[in-house]
Amino acid sequence: MSYKLGEVILSRDTIARRVKELASEIVADNGTDNGLVVVGILTGASFFLTDLVRELPEELDARIDFMSVASYGDGTKTSGVVRIFHDLKSSIEGKNVIIVEDIVDTGLTLSHLLDILKSRKPASLKVCVLLDKYERRQTEVKVDYCGFRIPDKFVVGYGLDCAGKWRHLKDIKYVVEE
Ligand code: 5GP
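Caption draft 1: Here's a closer look at the sheet that holds strand β9 (residues 172-177). Read from one edge to the other, the open sheet built from 3 strands follows the order β1-β9-β8, with strand pairing classed as antiparallel. Two strands in the sheet have a free side with no partner beyond their single neighbour: β1 (3-10) and β8 (155-156). Pairing geometry for β1 and β9, over 5 bridges, is antiparallel. Residue pairing for β9: Lys4 is matched across the bridge by Val176.

Here's what the structure looks like:
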């Protein structure tokens, strides 16, 4: 099966405005006195994370770390398998941690990650996702900060790919079958 780009669902300006708001929500909740470890989930969330952390105030001690996990194969369907390819560089014990993910779909990836990170005893653990495909949830996951709720259609751009393609797009677009 082959795919082509469809219409824009979220433009770069809409994304940028919402990312600023999310940063403000995070600061309003967490303050700037305690540090924050921002854990980005590679590769999809990397664009979102770099934009988000640059909206955080200078006085907040924000550290960045990454994990690489995969729950998808080469197409647009979940494999149901979550594998860790790359782990955090630093300990999160006693730290305030926020996981930054591109999209929550079935919730399997995030719920697996939350279990792993909770066992490392952070002081707090929150979740920030850019996109939420809430209709597809198979397991309950508490999302503390959500950019946009979107319908159950495959999207690419702003870090999200389809079998490695279209990650670099500035806008988020639908993918349609050719
Ligand atoms: P979940 O475990 O919640 O089903 O899946 C989360 C992961 O699925 C995301 O990190 C992302 O890699 C992938 N995913 C789910 N929906 C989409 C989508 O519409 N577009 C892209 N590019 N990836 C998706």
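Caption draft 2: Representation of the packing of aromatic side chains within the structure. What the rule picks out here adds up to 1 aromatic pair. Note on Phe47 and Tyr158: the rings are 6.3 Å apart at their centroids and 65 degrees apart in plane angle, and the pair reads as edge-to-face. With Phe47 in helix α2 (residues 46-53) and Tyr158 in the loop between β8 and β9, the pair connects residues that are 111 residues apart, well separated along the chain. Residue Tyr158 is classed as buried on the basis of its relative accessible area of 8%. Lying across the ring of Tyr134, Arg149 places its NZ or CZ 3.9 Å from the centre.

Caption draft 3: Quick peek at the site of the ligand. Around the ligand lies a shell of 17 residues, among which Thr106, Thr109, Lys133, Val155 and Asp161 are the nearest. One nitrogen or oxygen atom from the side chain of Glu101 is found 3.1 Å from an oxygen atom belonging to the ligand. Within the backbone of Leu108, a nitrogen or oxygen atom sits 3.5 Å from an oxygen atom of the ligand. Protein coverage of the free-state accessible area of the ligand, which is 510 Å², stands at 91%. Put simply, the parts of the chain that give the shell around the ligand at least two residues each are β3 (62-72), β5 (96-104) and α3 (108-118).

Quick notes on the rules
Residue numbers here run from 1 along each chain, matching the order of that chain's written sequence. Where local features are concerned, this predicted model is filtered to residues with pLDDT of at least 70; where side-chain atom pairs are given and counted, the filter is 80 or more; whole-chain, interface and lining totals use all residues. Calculated side-chain values reflect all of the structure's heavy atoms, with hydrogen atoms and water omitted. The rule for pairing is simple: two strands pair if DSSP sees at least two bridges between them. Here a strand is any run of E in DSSP of at least two residues, a helix any run of H or I of at least four, and the numbering for each starts at the N terminus. When the centres of two rings from Phe, Tyr and Trp lie within 6.5 Å, Trp using its six-membered ring, the rings pair. Their planes under 30 degrees apart give stacked, over 60 give edge-to-face, and anything left gives tilted. Only protein chains enter the accessibility calculation, which uses a 1.4 Å probe; a residue is then buried when its area is under 20% of its type maximum, exposed when over 50%, and partly exposed in between. Distance and angle both matter: a charge sits over a ring if NZ of Lys or CZ of Arg is within 6 Å of the ring centre and within 35 degrees of the ring normal. One heavy atom within 4 Å of a molecule or strand is enough for the residue carrying it to be called near that molecule or strand. What qualifies as a polar contact is a pair of N or O atoms within 3.5 Å, subject to a donor-acceptor requirement within protein and to the restriction that residues adjacent in sequence count only when both atoms come from side chains. Under the convention used here, a 1.4 Å probe and the Shrake-Rupley method define accessible areas, while residue burial counts only the protein chains that appear.

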